[in-house]
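Letter by letter, the chains look like this.
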Amino acid sequence: MRMIQTLDYSDAKKAVDLIVEKALQMQKAVVVAIADAHGDLICLARMDGAPVSSVHVAMNKAWTAARERKSTKEIGEKVKHPEKGHDITYYGDPKYVGWGGGIPVWKNGEVIGAVAVSGLSSNEDIALAELGVKLIAGQ
């Protein structure tokens, strides 16, 4: 039998609160999605004014990062240049995304979940998601 570590709601909520607070300081609105080790949603926050379309994008970023154990930016870079990886359709599920902002959370050598942010530029989404990852991973 194999035991799988995964995020719990308490850790997910702390990460969401931190990211939302930082976005408020920036005077911006985002959607934050936190997923467990399988990519299933644990916690979601859509700030007032965040694009409605970013809800599914954030959930899909978290799902992709957890499932693939890679950042969505890394996946996106490979699908932009199929000679470096695969076309996104290769993954076989329309939930896979390659926009930056989904990052797996590693702890004790295992992916325990993922943090994703959507609604801003790719670089801003990544920077905010990294805050949550660092909080959860204890770095």
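Small disclaimer: the values here were computed from a predicted structure and weren't measured.

Participant: In this structure, what is going on with the pairing of strand S2 (residues 41–46)? I would like to understand it.
Facilitator: Walk down a regular strand and you will see the side chains alternate between the two sheet faces. Here strand S1 (residues 31–36) pairs with S2 via 5 bridges, running antiparallel. Paired with Val32 across the two strands is Ala45, which belongs to S2. Between S1 and S2, which follow one another and run antiparallel, lie 4 residues, and Gly39 among them has a positive phi close to 95 degrees.

Participant: Explain helix H3 (residues 72–80) here, please?
Facilitator: Every α-helix carries 3.6 residues per turn, so stepping three or four residues along brings you back to the same face. Looking only at H3, the buried set comprises Thr72, Ile75, Gly76 and Val79. Axial view of H3: buried residues confined to an arc of 100 degrees, hence all on one face.

Participant: Looking at this model, I keep getting lost on the environment of Glu110. Mind explaining?
Facilitator: Mapped onto the elements, Glu110 comes out in strand S4 (residues 110–118). Looking at Glu110, the relative accessible area reads 21%, which means it is partly exposed. Along the sequence, Glu110 and His56 sit 54 residues apart, while their C-alpha atoms lie 25 Å from each other. Setting aside its immediate chain neighbours within four residues, Glu110 contacts Arg2, Met3, Ile4, Gln5 and Val105.

Participant: Is there a simple way to explain the nonpolar core in this structure?
Facilitator: One broad trend across soluble globular proteins is that nonpolar side chains are buried collectively. The biggest cluster of nonpolar side chains holds 36 residues, and the ones touching the most others in it are Val32, Ile34 and Val115. Of all the elements in the fold, those that place two or more residues in this core are helix H1 (9–26), S1, S2, helix H2 (53–68), strand S3 (102–107), S4 and helix H4 (122–137). Apart from residues no more than four positions distant in its own chain, Val32 is found in contact with Val16, Ile19, Val20, Cys43, Leu44, Ala45, Ala116 and Val117.

Participant: Mind showing me how you'd approach the pairing of S4 here?
Facilitator: Taking burial as the measure, the 9 residues of S4 include 8 buried ones, the bulk of the element. Taken together, the 6 bridges between S1 and S4 define a ladder with antiparallel strand orientation. Directly across from Ala35, in S4, lies its bridge partner Ala114. Pairing of S3 with S4 involves 6 bridges; the strand directions are antiparallel. Counterpart to Val105 in the pairing with S4 is Gly113. As consecutive antiparallel partners, S3 and S4 are separated by 2 residues, and within that stretch Asn108 has a phi angle of approximately 55 degrees, a positive value.

Definitions and cut-offs
Residues numbered from 1 in each chain as written. Predicted model: local features only at pLDDT ≥ 70, side-chain atom pairs only at ≥ 80, totals over all residues. Heavy atoms only, no water. Pairing = 2+ DSSP bridges. Helix = DSSP H or I, 4+ residues; strand = E, 2+ residues; numbered from the N terminus. Buried < 20%, exposed > 50% of the residue type's maximum accessible area, 1.4 Å probe, protein only. Arc of directions from axis to C-beta. Contact = heavy atoms within 4.5 Å. Core = buried A, V, L, I, M, F, W, Y, C linked by side-chain atoms within 4.5 Å.

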